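What the coordinates show
Each chain, letter by letter, is given below.
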Protein chains: 2
Amino acid sequence: MDLKALFHPRSVALIGASTEQTKLSGRPFRFFREFGYAGNIYPVNPKYQEITGVPCFAKLSDIPGEVDLAVITLPASAVPQALAECGAKGVKAAAIISSGFAEVGGEGVRLQEELKRVASEYGIAVCGPNCSGFVYFPERVTASFSVGLDGGFPETGPAAFVSQSGALSSYILGAARERGLGFRYWITTGNECVLSFTDYLQYLLEDPEVRLVLGYLEDARDGQAFQAAARRALILDKPLIIMKAGRSEAGAKASVSHTGSLAGADEVYQAVFSQNGVLRAESLDELFDLAILAQAPRRPRGKRVQVVSISGAAGILMADVGSELGLEFSDLSPTTKEELRKIMPPFASLTNPMDVTAEAVARPALLSQAAEVILKDPNVDNVVMFFGIVPGAHEKLATAIAQVAQGTDKLVVMNWFPLPRTEIWMSLARAGVPVFPEPARGIRALAKMAQYVATRERALSRQPGQTIKGPDLGSEVEKILALARNQGRNALSEVEAKCLLKAWGLAVPRGGLARNAAEARSLAGGIGGPVAMKASSPDLLHKTEAGVIRLHLNSPEEVERSFEEIVEQAKKWNSETRLDGVLVEEMIGGETREVIVGVRQDLRFGPVVTFGLGGIFVEAIRDFAVWPAPLTLDEAREMIRRIRGYRILTAFRGRPAADLEALAQVLCRVGQLACQWQERIAELEINPLFVLPAGSGVIVGDALVALQ
Amino acid sequence: MDLKALFHPRSVALIGASTEQTKLSGRPFRFFREFGYAGNIYPVNPKYQEITGVPCFAKLSDIPGEVDLAVITLPASAVPQALAECGAKGVKAAAIISSGFAEVGGEGVRLQEELKRVASEYGIAVCGPNCSGFVYFPERVTASFSVGLDGGFPETGPAAFVSQSGALSSYILGAARERGLGFRYWITTGNECVLSFTDYLQYLLEDPEVRLVLGYLEDARDGQAFQAAARRALILDKPLIIMKAGRSEAGAKASVSHTGSLAGADEVYQAVFSQNGVLRAESLDELFDLAILAQAPRRPRGKRVQVVSISGAAGILMADVGSELGLEFSDLSPTTKEELRKIMPPFASLTNPMDVTAEAVARPALLSQAAEVILKDPNVDNVVMFFGIVPGAHEKLATAIAQVAQGTDKLVVMNWFPLPRTEIWMSLARAGVPVFPEPARGIRALAKMAQYVATRERALSRQPGQTIKGPDLGSEVEKILALARNQGRNALSEVEAKCLLKAWGLAVPRGGLARNAAEARSLAGGIGGPVAMKASSPDLLHKTEAGVIRLHLNSPEEVERSFEEIVEQAKKWNSETRLDGVLVEEMIGGETREVIVGVRQDLRFGPVVTFGLGGIFVEAIRDFAVWPAPLTLDEAREMIRRIRGYRILTAFRGRPAADLEALAQVLCRVGQLACQWQERIAELEINPLFVLPAGSGVIVGDALVALQ
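Residues numbered from 1 in each chain as written. Chains lettered and ligands numbered in written order. Predicted model: local features only at pLDDT ≥ 70, side-chain atom pairs only at ≥ 80, totals over all residues. Heavy atoms only, no water.

Thoughts on the overall build of chain A
For clarity, the threshold we go by: Under the scheme used here, helices are H or I runs from DSSP no shorter than 4 residues and strands are E runs no shorter than 2 residues, and both carry numbers assigned from the N terminus. The cut-offs for exposure are 20% and 50% of the maximum accessible area for each residue type, with area from a 1.4 Å probe on protein chains only; residues under the lower value are buried, those over the upper are exposed, and the others partly exposed. Only heavy atoms matter for contacts: two residues are in contact if any of them lie within 4.5 Å across the pair. For the area figures, the Shrake-Rupley method with a 1.4 Å probe applies, and any residue is considered shielded solely by the protein chains shown. Think of it this way: Lys and Arg go in the positive column, Asp and Glu in the negative one, and His and the chain ends go nowhere. Each charge is placed at NZ for Lys, CZ for Arg, CG for Asp and CD for Glu.
For chain A, the count of helices and strands is 25 helices and 29 strands. Projected onto the principal axes, the alpha-carbon positions of chain A cover approximately 100 × 80 × 40 Å. The buried share among the 708 residues of chain A stands at 61%. Considering only contacts within chain A whose residues lie at least 6 apart along the sequence, 71% involve residues at least 24 apart. As presented, chain A carries roughly 26,500 Å² of accessible surface, and 51% of it is formed by carbon and sulfur atoms. Averaged over its 75 positive side-chain charges, chain A has a centre that lies 3 Å from the centre of its 81 negative ones.

Right, dumping it as structure tokens:
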């Protein structure tokens, strides 16, 4: 679908345009005229001859010239016909502002289907319906009724905004100028009957003038395309800043009613965001803060921050917030301290955060002088400043800091509370120093941006070869899956699941399936050492509860007796139970940790790998990580580090570290397995996976595979 | 110490006053004159005859009349002498603004000691030194050089502010007016050589005109007094809103260098705050937000919130943030929905959050009409609104909502983004509707305030009798402690610790100390059933590592053999080991949970009870709660619910709930024990404490008592 006609129309028809310029149907026309759109403007409405001096056409087909874009504000029932007329006329793009479609249900759903059909028939790029339209700033394409345009034409800038909300997006547009943010695109997606959030995103990223993209998102309907676009944004270093709503139950419910779509689970979105460096804004304030930082000409160089503050307290607050978010406040080098001693008052302590003290009231240049010295310190990646009220000194300070910032390629961030006059802080912003109105906000934005930079570096350094290749044993996996399908089953037995995982390169316990006591005895003998035995049956999902597990069996007699007991118990539990036999396996013991590794199919993002520690404790604490598959080894390592109880897997309390490398490999492999057989494997859970000490690998304790 | 002279002086001497009105030493005088202080103003400086027409005195003693308050801006070295002259003249209060005292170390420390001595000799209430002074707004007492006064005299209001920061406090003062906040007191505490943060707090709370207190705190030096003051604030319903800095390592270090005092552990502060309903502000924005809500004439009635929004997206964001912070977004009653149907557009869904839709652009009164209906719903405790830009409708809407709010005794909160003109939102604020410039901020403040109300209700309903009285067995505890002291020991043995806890009403396992194998056998026989045995020695702190524990012993032979093994192993571990004998105890098994209960002495707050789940997992996850002792049964229950793994203690996965009541009682008792013997018990840890199923109690597994 070509979106160019949407954003670069040489002419625009306003279908349903009204003379009432305060009405929704009158406003887009007014904005096109008022803000100086250079193409032809054709209002279409049989009621009028002209609107404010511009000739009005009764029908679209009456328009003499070509029309590139139609803005439709007719009642819903009239829209499909109007769109068909657009198609007949050769209109290539339309913004359908009218509501009354899928969001109201019933007849609206049918109307939207019809729209979709017409758009597809004629190949029309449709924005909406049920949206606030869009604006392309450089060419003053104001296909919108937004109140965000009432305060005059907003600042044009390097940001694009794409949103699944109408009203809030207008307020964001209206507030942008005074926050120092300018847009190039502003798009509300509405019901996304043709163009989706991700379609716009893909388009915006390829505009070389767009340097960052902001979004309000309730649901990315095409999850995998969204993921790819987010990854593309990261590679291009165009930060994607998204406010994702609907995390809570109440919010999700309202989100469904709001856009007529089902939202995916928030934790998976969060994983997709983390994986691809999407900056998640938790509030409108943060949306702006992150945008301010993203549009600055420099990125954080790393996590090491030196704070230079006119208030000790503000410095401490920033260190508190920054430390929690992973920034590092390390010591200045001795050379730097020596240099600072020459300019700082004798009683100032050269710590981090550093308080330039009340001396800065008399001598505000202290702040910029200190920053200049500190920026040369190789231990410092970024300088964060805090300034307040110093009567008469604000302009001078802003100029001095702007100069200092221009003499370095490190990032300098200013927190100024309360903000001085707009011209003053804007002059700093123009000089490439992002300014924040509150110290906690500035440091929080910086911390998130430093995280973004680290994620991007990881993404750039990723070698294609680092993704583990599954062993070429797919045919064995295929065979096991085919057998189950042919038998019409929706799950594999434990034995089958283990065979499948073994074929896929995972280690499983030594042992096998015994059909009688003698076989059990012989298997146990072959294993040598204590064994575990459990019933193998497609009907016994909860073996512990059914009492069909025996552990730590040492003698042949115990093994034989256990076989009989298990068979008897399985029948006692349920006389209908089909029994494949009894699994006899080596006991996995010693210094192992039990973890759970799984994959499930997410509605939006396809296969998602989950990982957590095993056991009741963790289940109660809900300590697990999720990650969309496939994942690289690096991402798998990151995933392991993300769980709260990570320390348990490291050398801790005298226990050796667990084999995290082997664990990471399993996460990758399981992800690849689920991707390769996405149509067949609905869910897979290895519980427990025994993780042996470093170097000794991992072993599948039990596994469950559910089929589609 | 009487603080009246500080805040209500009939006359003030400015010692060290300067003609240079931009200098620190010239500014307080200028402010006293400029803002209309009604008492006598006496500048004191041998250099001048007069300052801007006011006669200047060479010495304090030259002043003809009485002086109530001295504001001192002399160099540090001259201050003690000046303060002594104040004493001689009968001055009752002083603000010492000069720096160069304890914060610079060395000679400064000595000078501060001298100040303290002089102040004590004459009974002078001293604010500072090394501070920005203070302001008492109703009488225009401007004993400060703060730049917060440069923009004109700030708004007077019901808030008091007390701060351990200078500069930042000035900026807060400077920013207050435009945020709609007015102060009655503004105090910077400096080095607190005489008056502490808590001293001011106590005083402010008793002023009937003060309705809320804001604070910036690095360290409450008198922790227990602070706690009592916080509790008093809660009872009086004067919310205490505190920004507590120094949580991070970097922040804590800077905090020490900043005020010259050692900060307590943040987790204990957080516990004191939670316990006493202190509202912790994480940022300057939040400090103001909480203050705006606290000064409103109404409090939240409960946690149930109905959102009424002109933007669906803003509603969802508020539901997301609010849900996470414990607010509830439940359904409206059928009656309310019926009423709403009459006024709302047919396509609006009456959910929570509720979107009044774009219809509100044409008919903004929809918002206030909907609110009016909803406020009558008994399922709704509070109404939170969101409004944006609707050209021309802002005044009308503000008026309508103000009217609606005045017709209810429920809290109505407005989030308005972007904020309209100041007069408009201020008019709403004056009508008792707090207004927030960002939806996430408004809902966050509301959630914290709802939590405050719940804490206050709990505090008010607490009956003195609910505190568990320790059994009258203190004499036994005393005996055990005395014995250890007489022997010069700094710890109790496990046997002693268990005797002590038993005396204090806790259950310990049945059993006793065996001195030989025969005694062990006889003890085991008396117990009947499996026993556990472990070496008892003051020298063996880590019994597991030393290998001197045997569990699950069933037969008399096992018991005898184990006795010998343990004795042998103890000697093998360390030939110097003193052995009291071997402890023979019943095995505690079945459906138990292992938890850890401890008490330690906090530098600021005295005995602090800690509680967490047992085992390596939890230690790695650091899942525990702390609470200052003594605690009531209600507080103990709350403490148990606070840990992340709380679910493990409830009925979960087929296991019965643990005996949480018995556990709560132990937390109370242990707290009382540590309070009663605060001078003697340095630390106590019960690890594990076995918690049996509900109704079956708890049993001390092992206990460690360290003595002062």
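Some points on the packing of helix 14 (residues 365-375) of chain A against helix 15 (residues 394-406) of chain A
Residues and elements named next belong to chain A. Applied cut-off: Think of each axis as a best-fit line through the C-alpha atoms, taken over the contacting stretch in the case of a helix, with angles from 0 to 180 degrees between the N-to-C directions. The labels follow the angle: roughly parallel below 35 degrees, roughly antiparallel above 145, roughly perpendicular from 65 to 115, and oblique for the rest. Three classes are used, and their members are as follows: Ala, Val, Leu, Ile, Met, Phe, Trp, Tyr, Cys and Pro are nonpolar, Asp, Glu, Lys and Arg are charged, and the others, Gly among them, are polar.
At their nearest, the axes of helix 14 and helix 15 sit 9 Å apart, and the two run at 10 degrees to each other. The angle between helix 14 and helix 15 falls in the class roughly parallel. Residues Leu-367, Ser-368, Ala-371, Glu-372 and Leu-375 of helix 14 form the contact with helix 15, whose own contacting residues are Leu-397, Ala-400, Ile-401 and Val-404. Residues of the contact of helix 14 with helix 15, tallied by class, amount to seven nonpolar, one polar and one charged.

Examining helix 15 (residues 394-406) of chain B
Residue and element names in this part refer to chain B. As a reminder, the rule being used: The length a helix should cover is 1.5 Å for every residue beyond the first.
Taking 1.5 Å of rise per residue, 13 residues should cover 18 Å, and helix 15 covers 18 Å from first to last C-alpha, within 8% of that figure. All buried positions along helix 15 are accounted for by His-394, Leu-397, Ala-398, Ala-400, Ile-401, Ala-402, Val-404 and Ala-405. Buried residues belonging to helix 15 abut helix 14 (365-375), strand 17 (382-387), strand 18 (411-416) and helix 16 (422-430).

Some details on the packing of aromatic side chains
All names here are of chain A. To keep things clear, this is the line we draw: Here a pair means two rings of Phe, Tyr or Trp (six-membered ring of Trp) with centres within 6.5 Å. Their orientation is stacked below 30 degrees between planes, edge-to-face above 60, and tilted elsewhere.
Within the structure shown, the criterion is met by 42 aromatic pairs over all chains. When the centroid spacing of 5.9 Å and the interplanar angle of 35 degrees are considered together, the rings of Phe-161 and Phe-183 count as tilted. With Phe-161 in strand 10 (residues 156-163) and Phe-183 in strand 11 (residues 183-188), this pair connects stretches of sequence that are 22 residues apart. We classify Phe-183 as buried; its relative accessible area is 1%. One aromatic cluster is present, built from ring pairs that chain together Phe-31, Phe-35, Phe-137, Phe-153, Phe-161 and Phe-183.

Let's talk about the pattern of salt bridges
What counts, and what does not: Counted as salt bridges are all cases of a side-chain nitrogen of Lys or Arg within 4 Å of a carboxyl oxygen of Asp or Glu.
Under the criterion given, the structure shown has 95 salt bridges over all chains. The partner of Lys534(A) in a salt bridge is Asp702(A), and the shortest N-O contact between them spans 4.0 Å. Taken together, the positions of Lys534(A) in strand 21 (residues 531-536) and Asp702(A) in the loop between strand 28 (698-700) and strand 29 (703-707) put the pair 168 residues apart, joining distant regions of the chain. On the basis of relative accessible area, Lys534(A) is assigned to the buried category, the value being 12%. Note that Glu121(B) is salt-bridged to Arg117(B), the shortest N-O span being 3.1 Å. You can see Glu121(B) and its partner Arg117(B) sitting in helix 4 (residues 107-122), four residues apart, about one turn around the helix. Residue Arg117(B) is classed as partly exposed on the basis of its relative accessible area of 43%. Here the residues in one salt-bridge network are Arg179(A), Asp285(A), Asp289(A), Arg441(A), Arg179(B), Asp285(B), Asp289(B) and Arg441(B), joined through shared partners.

Structural notes on the relation of the copies chain A and chain B
Here is the rule we go by: To superpose the copies, least squares is applied to the C-alpha atoms of every residue with a pLDDT of at least 70 in both.
When chain A is fitted to chain B, the residual RMSD is 0.1 Å, and the transformation amounts to a turn of 180 degrees plus an axial shift of 0.0 Å. Taken together, the rotation and translation describe the operation of a two-fold axis. A shared interface surface links the copies, since 100% of the contact residues of chain A are contact residues in chain B too.

A few points about the packing of helix 3 (residues 79-89) of chain A against helix 4 (residues 107-122) of chain A
All names here are of chain A. Taken N-terminus to C-terminus, the directions of helix 3 and helix 4 make an angle of 0 degrees; their axes are 9 Å apart at the nearest point. Judged on the interaxial angle alone, helix 4 and helix 3 are roughly parallel. Side by side, helix 3 and helix 4 meet where Val-79, Pro-80, Leu-83, Ala-84, Gly-87 and Ala-88 of the first sit next to Leu-111, Glu-114, Leu-115, Val-118, Ala-119 and Tyr-122 of the second. Taken together, the residues that form the contact of helix 3 with helix 4 break down as 10 nonpolar, one polar and one charged.

Observations concerning the interface of chain A and chain B
How we decide: Counting of polar contacts relies on pairs of N or O atoms within 3.5 Å, with two restrictions inside protein: one atom must be capable of donating a hydrogen and the other of accepting it, and residues adjacent in sequence are counted only when both atoms are side-chain atoms.
Opposite the 76 residues of chain A that make contact, chain B presents 77 residues. Linking chain A with chain B are four salt bridges, by the criterion used here. One salt bridge connects Glu324(A) with Arg247(B), and the closest N-O pair in it is separated by 2.9 Å. Here chain A and chain B share 18 residue pairs in polar contact (both at pLDDT 80 or more) between them. Residue assignment for the side of chain A that touches chain B shows that the elements contributing at least two residues are helix 5 (167-176), strand 13 (240-244), helix 8 (249-259), helix 10 (284-294), helix 11 (312-324), helix 17 (439-461) and helix 23 (616-621) of chain A. The residue makeup of the side of chain A that touches chain B, split by class, is 39 nonpolar, 19 polar and 18 charged.

Digging into the sheet that holds strand 1 (residues 11-15) of chain A
Residue and element names in this part refer to chain A. Stated formally: Strand pairing follows a simple DSSP-based rule, namely that at least 2 bridges must link the two strands.
Across the sheet, five strands lie side by side as 2-1-5-6-7; this open sheet has parallel pairing. Among the strands making up the open sheet, the edge pair consists of strand 2 (40-44) and strand 7 (125-127). With direction set aside, neighbouring strand axes in the sheet form an average angle of 15 degrees.

Comments concerning the pairing of strand 27 (residues 624-628) of chain B
Residue and element names in this part refer to chain B. In terms of burial, strand 27 is largely enclosed, as four of its five residues are buried. Pairing geometry for strand 26 (residues 606-613) and strand 27, over five bridges, is antiparallel. Within strand 27, the position partnered with Gly-612 by the bridge is Phe-624.

A few points about the confidence of the model for chain A
Keep this limit in mind: Confidence of the predictor at the level of single residues is given by pLDDT, which spans 0 to 100.
Per-residue pLDDT for chain A averages 92, and the proportion of residues at 70 or more is 97%. For the stretch residues 257-263 of chain A, pLDDT sits under 50, and the model shows 25 contacts to residues farther than four places along the chain or on other chains.

As for the sheet that holds strand 8 (residues 133-136) of chain A
For sheets, the rule is that strands pair by backbone hydrogen bonds, running either parallel or antiparallel. Residues and elements named next belong to chain A. The seven strands are arranged 9-8-11-10-12-13-14 in an open sheet whose pairing can be described as mixed. The sheet is open, and its two edges are formed by strand 9 (141-144) and strand 14 (279-280), each paired on a single side. When strand 13 meets strand 14, the two strands line up parallel, connected through two bridges. From the neighbouring strand, Ile-241 faces strand 14, where its bridge partner is Leu-279. This element, helix 5, spans strand 10, strand 11 and strand 13 of the sheet and lies at about 165 degrees to strand 11.

What about the state of the cysteines?
Residue and element names in this part refer to chain B. Going by this rule: Any two cysteine sulfur atoms lying within 2.5 Å of each other are counted as a disulfide.
The final tally for this structure, using the stated rule, is zero disulfides over all chains. Cysteine Cys-56 shares no disulfide, and the gap to the nearest cysteine sulfur, in Cys-86, comes to 14 Å. The exposure class assigned to Cys-56 is buried, which follows from its relative accessible area of 9%. Free of any disulfide, Cys-668 has its nearest neighbouring cysteine sulfur in Cys-675, separated by 11 Å.

A few points about the environment of Asp355(B)
Residues and elements named next belong to chain B. You can see Asp-355 is positioned in strand 16 (residues 354-355). The sequence separation of Asp-355 and Ile-316 amounts to 39 residues, and the corresponding C-alpha distance is 9.4 Å. Looking at Asp-355, its side chain comes within polar contact range of the main-chain nitrogen of Gly-312, at 3.4 Å. A distance of 2.7 Å separates the side chain of Asp-355 from the backbone nitrogen of Thr-357, its partner in a polar contact.

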